[in-house]
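# Remarks on the overall topology
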Amino acid sequence: MGKQSKINLAIIHLVLIIGAITMLVPFLWMTLTSFKSISESTQMNPFIIFPTIWRTDAFTSVLSKMHFERLYLNTLILIAGRVICAVLTATMAGYAFGRLTFRGRDIAFSLVLFQMMVPGQIFIIPQYLIVSKMGMLNTSFALIFPGLVTAFGTFLLRQAYMSLPKDLEEAATLDGCNIGQIFLYVMAPLTKSAMVALGIFTALFAYKDLMWPLVVNTEQNTMPLSAALAKLQGQFASNYPELMAASLLACIPMIIIYIIFQKQFIEGIATSGGKL
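Summarised in this report is the structure supplied together with it.

Moving on, we come to the layout of surface pockets. By volume, the largest pocket is sized at about 940 Å³. Lining the largest pocket are 26 residues, and of these R82, G120, P146, G147 and F205 sit closest to its centre. Ranked by residue count, the leading element in the lining of the largest pocket is helix α11 (residues 192-207), at three residues. Class assignment of the residues belonging to the lining of the largest pocket gives a composition of 16 nonpolar, seven polar and three charged.

Written out as C-alpha cells, the structure is:
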C-alpha cells in the first residue's frame, strides 16, 4: 500500500469516527441529563457536561409513575404483531406480483406504489373510523392494525422474487409441485434475507410510531413506550431529567434486540440492498 493510499484511508477513518461521535452525542447527552437535577439540566453553560452529583431521583420517580413492565409488554406486542403480519402478507403479495400472471396485476401493483408515495398521515382518519366501528379502540389490535399490510414490504419482496431465476419454478413444476408448494418450499426460503430486512424495518418503524398510538390508545395500560413518553412532556415546562431517564429506559428493548440479532440485522440490510 502506497503512502497516498494510507493517507486516504486515514482520512476516511477519521471522517467515519467523527460521524460516529456526532451520532452518539444525543445519546450521551440523554444519559448524562438523566442523572442531573432539574436546575442543572436547564442551565445554558455549555461547559457543564457532567452532573455535579450523580442522582438517581429521576429513575426512581419515573419507575413509580409509569408501569414500565406493562409498557414493555405493549411495545413487544406492537412490534411482534406488525412484524408477523407484514412479513406474511408482503411475502404472499410479493410472490403474486413478481411471479404470477393474472388480469389486473399491473394496475393493482400501481396502486401499491401509489400508496407508498402518499403520506401515511392521510390514512389515519379512515383507519381510526374502521377501528372505532369495530369497537377495538384501546386494544392491542388497534396498535397493530395499520401494519396488517405494507406497501413497502410488498415492493421489497416483489423485487426479491423477481431476482430469482425461472428455472427454479420450471424444475419444481416438472417434479409435480403446484403453485402453493412452489411458493412455500422453493421460492419463499430463497427470499429469507429480504424477509429479515423487512422484519427489521417494520420493527423500527413500529417502535418509533407515535401519532397512531396517541390517536387510538388513550389509556396508559394499552399505550406503547412512544406514546407514554409523549405524555411526560408538559405544555409549558418539562422535567428533563425524568424525561431523559424514561427515554433511556425505553431504549433498552431495542438495544437488546439489536445485540441478539446483530448478525441478521447487518446481513438482511446488506443482502436486500444488493438485490435492489
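Next comes the rest of the account.
Now for the packing of aromatic side chains. Tallying each qualifying case throughout the model produces twelve aromatic pairs. On the numbers, 5.0 Å between centres and 45 degrees between planes, the contact of Y95 with F183 is tilted. Taken together, the positions of Y95 in helix α4 (residues 68-99) and F183 in helix α10 (residues 179-190) put the pair 88 residues apart, joining distant regions of the chain. On the basis of relative accessible area, Y95 is assigned to the buried category, the value being 5%. Judged by centre distance (6.5 Å) and plane angle (20 degrees), the ring pair of F109 and F155 falls under stacked. One end of the pair, F109, is in helix α5 (residues 105-117); the other, F155, is in helix α8 (residues 151-162), and 46 residues separate them in sequence. Judged by its relative accessible area of 24%, F155 is partly exposed. One aromatic cluster is present, formed by F97, F102, F109 and F155 through successive ring pairs. The residue whose ring lies beneath R158 is F109, and the NZ or CZ to ring-centre distance is 4.1 Å.

Helix length check: α11 (16 residues) gives 22 Å between terminal C-alpha atoms against 22 Å at 1.5 Å per residue, within 8%. Those residues of α11 that sit buried are S193, A194, M195, A197, L198, G199, I200, T202, A203 and A206.

Turning our eyes to something else, we now look at the nonpolar core. Formed by 23 residues in total, the largest nonpolar core has its most connected members in I79, Y95, L157, Y161, M187, M195 and L198. Elements with a contribution of two residues or more to this core: α4, α8, α10 and α11. In terms of residue count, α4 provides more of this core than any other element does, six residues in total. Once you skip the residues sitting within four places of it in the chain, Y161 turns out to touch T91, G94, Y95, R99, F183, M187, A188, T191 and M195. Counting 20 residues, the second largest nonpolar core, distinct from the first, contains F59, L71, L243 and L248.

Throughout the structure, instances matching the rule amount to four salt bridges. Here R82 ties to D209 by a salt bridge, and the two come within 3.1 Å at their closest N and O atoms. Of the two residues, R82 sits in helix α4 while D209 sits in the loop between α11 and α12 (211-216), which places them 127 residues apart along the sequence. D209 carries the same exposure label as R82, and that label is buried. One salt bridge in this structure joins R99 and E169, with 2.8 Å as the shortest N-O distance. One end of the pair, R99, is in helix α4; the other, E169, is in helix α9 (residues 167-174), and 70 residues separate them in sequence. R99 gets classed as buried once you look at its relative accessible area, which sits at 15%.

Rules behind the numbers
- Residues numbered from 1 in each chain as written.
- Predicted model: local features only at pLDDT ≥ 70, side-chain atom pairs only at ≥ 80, totals over all residues.
- Heavy atoms only, no water.
- 1 Å grid on protein atoms, 1.4 Å probe; cavity = no way out; pocket = protein on both sides within 12 Å on 5 of 7 lines; lining within 4 Å.
- Points joined across faces, edges and corners; volume = space filled by probe spheres on them.
- Helix = DSSP H or I, 4+ residues; strand = E, 2+ residues; numbered from the N terminus.
- Nonpolar A, V, L, I, M, F, W, Y, C, P; charged D, E, K, R; others polar.
- Phe/Tyr/Trp six-rings, centres within 6.5 Å; stacked < 30°, edge-to-face > 60°.
- Buried < 20%, exposed > 50% of the residue type's maximum accessible area, 1.4 Å probe, protein only.
- Lys NZ or Arg CZ within 6 Å of the ring centre and 35° of its normal.
- Expected span 1.5 Å × (residues − 1).
- Core = buried A, V, L, I, M, F, W, Y, C linked by side-chain atoms within 4.5 Å.
- Contact = heavy atoms within 4.5 Å.
- Salt bridge = Lys/Arg side-chain N within 4 Å of Asp/Glu carboxyl O.

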